[in-house]
Amino acid sequence: MFARLGPWCHDRRKVVLFVWIAALVVFNVIASGVGDAYRQDFTLKGFESTEGFDLLEAEFPDGPASPQFGTIVFQAEEDVRDPAVREPMEALFAEVRQLEHVTLVQSPYDPGGERQISTQGDAPGTIAVANVYLPEDIDFTAAADVANEIEALLPVEGVRVELGGYLFAEFEEPSSELFGLAFAIVILIVAFGSVLAMGLPVAVALFGIGLGSAFVVLASHVIQVPDFAPFIGIMIGLGVGIDYALLIVTRYREQLHAGHEIRESIGIAIDTAGRSVAFAGATVVVSLLGMLLMGVGFVGGLGITAAVTVAVTVLASVTLLPALLGFAGARIEHTRWRGLTAAAFVALGLVGLGLGVVALAGIGIALALITILLGFFVPALKREVPHRPPRPRRETIAYRWSRLIQHRPWPFAIGATALLLVLAIPFLSLRLGFQDESNFADDTTTKQAYDLQVDGFGKGFNGQLLLVSVVSEGTDLSALEAVTDAIAADAEVASVDGPVPNDEQNPSAVLWNVVPISGPQDEATTSLVNRLRDDVLPPLEDQTGTEVLITGYVAGNVDFSTLLGERLPLFFTAVLALSFLLLMVAFRSLLVPLKAVIMNLLSIGAAYGVTVALFQWGWFNDITGVERGPIEGWAPMMLFAVVFGLSMDYEVFLLSRVREEWHRTGDSRTSVADGLAATAKVITAAAAIMVVVFGSFLLEPDRVLKMVGVGLATAILFDATIVRMVLVPATMELLGDKNWWLPHWLDRLLPNIDVEGHAELAAPAGDDEREREMVGVE
């Protein structure tokens, strides 16, 4: 199929391009028309927090039956119970109750609402909180609409009002990926000396992202998709899109240099590099779909949508790209000064967009257009940029570096492994959890609402625990005071309110409200939840004959983190096993896939270690701008799926070329150096682009995006440098011909997957005599 696909797309390039443009426009129009329905449900079946919420819904129908809520925090100069404050605020709450999606507003002026009025701080009674509850299945778009509608009802004269809580949190659309795109333009031109060689990979990546993003929006109406899925898709799509297209473009140019015609070069490129791209993409998709094993709705949705984006990008690489190469033809080897200058101005415009400086962006784009127009009339701009022909493969730095590593494989292998293991040490202290609103920027209403609550009530007020219990008819509620006393005696509890019956005359359930001393994301709060469940409450439950369930937003996060932590080993094992099997089938070897799995684990472990050191331990927080806190419960799993898949990309790119050379020469040692020399520029350029694309998210204000960006960037950096450039040549040198050993009986059982394609067609006509003489040169 691949042998015919490239020429077919070349011959029908106008049709292929039209189909892709039409698909991009149609699906994005549909997606814009229906809108998104992003949501993430943290309630888990079979967990105590979920059972507690179900009990609240059944026994306290007028109470906080949903874990989805935001807060209205307000502060006045005088006591908030003063009529001058109370009347306008009660009018505001009455209007909020009428808003669509609002199921309940707990006002501090309602009966029993006194506890929502501050008793701490410099001026007790001047800060108060109202809780705004929304449906449990509400998506973030609808929640944001509610927040905007409340904002439209403000200001309230003489009262400072801030909106808090995760549902009402302010999120800025990420724009730092534009820095990565600008850097991609620069690095591709520098590395490959051609504007077209730069433009085609970027164009393919943008097509993949554009169509993939539309599918993410549409999928959100069918499956549970979190609100950050589009940003993850953009990062992955941009990274793999440029990776895949770059590999194919490089192989195409190599075939042109070898004397093949344009159509034949496209066919060979798709039949060889295109196969590697398809296989590498399948590995990434398998890794991402492994997230379904976690059994959590929005986690599986994240995996599915990211996998779809990768699949679309692979399809664009093997169909759209050969069509574009057909349009470019031999011009891909030539660059005029007008194109080079215009590309530089486009990069400048992207930097301006990333910085939010409209003037700079406009200047960059305008100068690019002017340069293109003037380029048809100004002789200097018409001239071609001097183009230096590529060096023979065995005169490249990559080839010499590989031979250097292969001369002393043991010191390099041991040193590289030791370095990665040292970097992974912080991972041993990993603590899963969820960040709270204290990590938002100081100028956001979310952070200001959080700070007001801390000033008026203490840190724990932002993460209260709800305890609920069913009581039988005739139960003496005074006996439950023992539960209250035992909880209040805990050193990490600031206050306890309860037991509060659902019916004063004939109660069937009671409720306690527990305010911890520590904040929602603090380790002490997690320890408090576990201690109450494991040590404090069980003896009292036996004594009173009632089961007390701990629920609430914080308890739900604790349960969620526990679930993810328990299922991570299953997820890791499944992804590793499937990747091992795929590589074994592709490369007909036992040791090659085993080494690949181990080395990828080393690079990912090192990336985990860096992430824990920066975000959990708080190293260099003056530079990163992040506060210490737990690692998001889903982050290790998501990082593993993405990074393992991308690492396998490089493994497939490199090993497919090494195996191709081995089949051609039969020399297992020089084939390693030749394969590294042939792919080093592609891997280095692609990795540099992805490191900047992912690392640029460190510029975002959101802590989660910073965490994901740093984790991905460091893993790719370690993989493309320490693993690919040191460990791979060192270990393959040590194993020699054993690299490709596979028992005959197993070889007969395995299906045949041709990753290298028809390598004999790809060999340069009239192989350089000097290179033949250099075989065996150390």
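A.B. asks: Please explain the overall build of the protein chain as it appears in this structure.
C.D. replies: Assigned secondary structure in the protein chain consists of 27 helices and 10 strands. Scaling as 2.2 N^0.38, a compact globule of 778 residues should have a C-alpha radius of gyration of about 28 Å, and the protein chain matches this with 30 Å. Burial statistics for the protein chain: of 778 residues in total, 58% are counted as buried. A sequence separation of at least 24 residues applies to 81% of the contacts in the protein chain between residues at least 6 apart.

A.B. asks: Is there a simple way to explain the environment of L467 in this structure?
C.D. replies: Take L467: it is sitting in strand β6 (residues 465–470). Given the relative accessible area of 0%, L467 is considered buried. C-alpha of L467 to C-alpha of W512: the two residues are 45 residues apart in sequence and 4.9 Å apart in space. Beyond its immediate stretch of four places on either side in the chain, L467 contacts I487, V510, L511, W512, V514, L537, V548, L549 and I550.

A.B. asks: I'm lost on helix α5 (residues 140–152) in this one. Help?
C.D. replies: Given 3.6 residues per turn, any residue in an α-helix points the same way as the ones three and four places further on. In this model, α5 (13 residues) spans 18 Å end to end at C-alpha, consistent with the 18 Å of a helix rising 1.5 Å per residue. For α5, every residue scored as buried is listed here: F140, A142, A143, V146, A147 and I150. Along the axis of α5, the buried residues cluster in a sector spanning 165°; they form a single face. Away from its buried face, by an angle of more than 90 degrees, α5 presents the exposed residues N148 and A152. Residues of α5 that are buried make contact with β1 (69–76), α4 (83–97) and β4 (159–164).

A.B. asks: Would you take a moment to explain the environment of L532 for this structure?
C.D. replies: As for its position among the elements, L532 is in helix α18 (residues 523–544). Between the C-alpha atoms of L532 and A486, which are 46 residues apart in sequence, the distance is 9.3 Å. Those residues in contact with L532 that sit more than four places away from it in its chain are L465, I487, L537, P538 and I550.

A.B. asks: Looking at this structure, how should I read the sheet that holds strand β9 (residues 548–551)?
C.D. replies: Across a sheet, strands are paired by hydrogen bonds formed along the backbone, either parallel or antiparallel in direction. Spatial strand order, β7-β8-β6-β9: 4 strands in an open sheet with antiparallel pairing. The sheet is open, and its two edges are formed by β7 (493–501) and β9, each paired on a single side. Sheet twist, expressed as the mean angle between neighbouring strand axes with direction ignored, is 20°. Inspection of the sheet shows β7 paired to strand β8 (residues 509–516) by 6 bridges, in the antiparallel sense. Bridge pairing links V493 to P516 in β8. Helix α17 (residues 481–488) contacts β6, β7 and β8 of the sheet and is inclined by roughly 170° relative to β7.

A.B. asks: Help me out: how do you make sense of empty space enclosed by the protein in this one?
C.D. replies: If a probe as big as a water molecule is rolled over the atoms, it shows which places are left empty. In total, this model carries 5 cavities of 30 Å³ or more according to the counting rule given. A volume near 130 Å³ is recorded for the largest cavity. Forming the walls of the largest cavity are 16 residues, and the residues nearest its centre are L247, R251, A273, F653 and R657. Every element with two or more residues in the lining of the largest cavity is listed here: α8 (229–257), α9 (262–289), α22 (635–665) and α23 (668–695). A class-by-class count of the residues in the lining of the largest cavity yields 6 nonpolar, 5 polar and 5 charged. There is about 40 Å³ of room inside the second largest cavity. Taken together, F427, L430, Y608, T611, V612, I631, P636 and L639 make up the lining of the second largest cavity. Within the residue set of the lining of the second largest cavity, elements represented by two or more residues are α20 (591–616) and α22. A total of 3 residues in the lining of the second largest cavity trace back to one element, the largest contributor, which is α20. Looking at side-chain class alone, the lining of the second largest cavity contains 7 nonpolar, 1 polar and no charged residues.

A.B. asks: Is there a simple way to think about the packing of aromatic side chains in this case?
C.D. replies: Describing an aromatic ring pair means giving the distance of the ring centres and the angle of the ring planes. The final tally for this structure, using the stated rule, is 17 aromatic pairs. Relative to Y109, the ring of F74 has its centre 6.4 Å away and its plane inclined at 40°; by these criteria the two rings are tilted. Taken together, the residues span a long stretch of sequence, with F74 in strand β1 and Y109 in the loop between β2 (104–106) and β3 (127–133) at a distance of 35 residues. Both residues of the pair, F74 and Y109, belong to the buried class. Each residue in the set F74, F93 and Y109 is aromatic and connected to the rest through ring pairs, giving one cluster. Lying across the ring of F327, R13 places its NZ or CZ 5.7 Å from the centre.

A.B. asks: Before we go on, may I ask you to explain the packing of helix α2 (residues 13–34) against helix α7 (residues 195–219) in this structure?
C.D. replies: Here α2 crosses α7 at 30°, and the two axes come no closer than 9 Å. Here α2 and α7 pass one another in a crossing that is left-handed. Contacts between α2 and α7 pair W20, I21, A23, L24, F27, N28, I30, A31 and V34 from the former with F207, G210, L211, A214, F215, V217 and L218 from the latter. Considering only residue class, the contact of α2 with α7 consists of 14 nonpolar, 2 polar and no charged.

A.B. asks: So what exactly am I meant to see when it comes to the pairing of β4 here?
C.D. replies: Most of β4 is tucked away: 5 of the 6 residues are buried. Pairing of β1 with β4, which is carried by 6 bridges, proceeds in the antiparallel orientation. Among the inter-strand pairings, I72 is bridged to a residue of β4, identified as L163.

A.B. asks: Explanation requested: the nonpolar core in the structure shown.
C.D. replies: Of all hydrophobic cores here, the largest spans 166 residues; its most connected members are F571, W634 and M638. No other element matches the 19 residues that helix α24 (residues 703–735) contributes to this core. Setting aside chain neighbours within four positions, we find W634 in contact with F228, F298, V299, F434, L564, V704 and V708.

A.B. asks: Even after reading the chapter, I still don't get the sheet that holds β4, so can you show me in this structure?
C.D. replies: The strand order across the open sheet built from 4 strands is β2-β3-β1-β4, with neighbouring strands paired in antiparallel fashion. Edge strands, defined here as strands with exactly one partner in the open sheet, are β2 and β4. Direction aside, the axes of adjacent strands within the sheet are offset by 20° on average. Both β1 and β3 contribute to a ladder of 7 bridges, which runs antiparallel. What sits directly across from F69, in β3, is Y133.

So, how was this worked out
- Residues numbered from 1 in each chain as written.
- Predicted model: local features only at pLDDT ≥ 70, side-chain atom pairs only at ≥ 80, totals over all residues.
- Heavy atoms only, no water.
- Helix = DSSP H or I, 4+ residues; strand = E, 2+ residues; numbered from the N terminus.
- Rg over C-alpha atoms; globule rule 2.2 N^0.38 Å.
- Buried < 20%, exposed > 50% of the residue type's maximum accessible area, 1.4 Å probe, protein only.
- Contact = heavy atoms within 4.5 Å.
- Expected span 1.5 Å × (residues − 1).
- Arc of directions from axis to C-beta.
- Pairing = 2+ DSSP bridges.
- Axes fitted to C-alpha atoms, helices over the stretch in contact; angles between N-to-C directions.
- 1 Å grid on protein atoms, 1.4 Å probe; cavity = no way out; pocket = protein on both sides within 12 Å on 5 of 7 lines; lining within 4 Å.
- Points joined across faces, edges and corners; volume = space filled by probe spheres on them.
- Nonpolar A, V, L, I, M, F, W, Y, C, P; charged D, E, K, R; others polar.
- Phe/Tyr/Trp six-rings, centres within 6.5 Å; stacked < 30°, edge-to-face > 60°.
- Lys NZ or Arg CZ within 6 Å of the ring centre and 35° of its normal.
- Left-handed = near helix turned anticlockwise from the far one by under 90°.
- Core = buried A, V, L, I, M, F, W, Y, C linked by side-chain atoms within 4.5 Å.

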